[in-house]
Amino acid sequence: MAIVTARIERTPYETHLSTDSQVIVADEPSDMGGQDRGMRPGELLAGSLATCTVMTLRMYADRKGWPLDSAVAHVEYSNDPITKRSLFVLKLILNGSLSEEQRARLLEMADRCPVHRALQNPIDFETILIEDPITTNL
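Everything numeric here is computed off the predicted structure, so don't read it as measured data.

## Thoughts on the sheet that holds strand S3 (residues 23-26)
Point 1. Taken together, the three strands give an open sheet; going across it, the order is S1-S2-S3, and neighbouring strands pair in antiparallel fashion. The open sheet has two edge strands with one neighbour each: strand S1 (5-8) and S3. Ignoring which end each strand starts from, the neighbouring axes of this sheet average 25° apart.
Point 2. Here strand S2 (residues 15-18) pairs with S3 via four bridges, running antiparallel. Looking across to S3, one finds that Thr15 is bridged to Ala26.

## A short note on the side chain of His116
Point 1. You can see His116 is positioned in helix H3 (residues 114-120).
Point 2. Residue His116 is classed as buried on the basis of its relative accessible area, which comes to 18%.
Point 3. Residues within four places of His116 in sequence aside, it is in contact with Leu49, Ala110 and Asp111.

Reading the values: the criteria
- Residues numbered from 1 in each chain as written.
- Predicted model: local features only at pLDDT ≥ 70, side-chain atom pairs only at ≥ 80, totals over all residues.
- Heavy atoms only, no water.
- Pairing = 2+ DSSP bridges.
- Helix = DSSP H or I, 4+ residues; strand = E, 2+ residues; numbered from the N terminus.
- Axes fitted to C-alpha atoms, helices over the stretch in contact; angles between N-to-C directions.
- Buried < 20%, exposed > 50% of the residue type's maximum accessible area, 1.4 Å probe, protein only.
- Contact = heavy atoms within 4.5 Å.

Set out below in structure tokens:
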């Protein structure tokens, strides 16, 4: 998997998120002190789940030769600081001449996308401070 880099400079909260070939701007809304030039981090997280879900459905339907014209995923993300629990509510719209069996199978497949699986399983983190970025190979 590619390395994703986030860089913030002096502009409050405007962050450039990049890979070797792509750049996305993330930010906070004006009422939170940001410039509102991009999605908030939680929105990006919800967007990762939504994107992965519809891509998984597209791949599955194409492999099966099913008439899925489009798939739309609406994801609502909330985090309760008291219970320390996160909730993702995923609402799917499947467009096309699909049978009830095909629709049911696509609903099952929605919960099998790699991002969904990563979020539902235990996660470990490792944070490393780089002392000398010039000599460190990133």
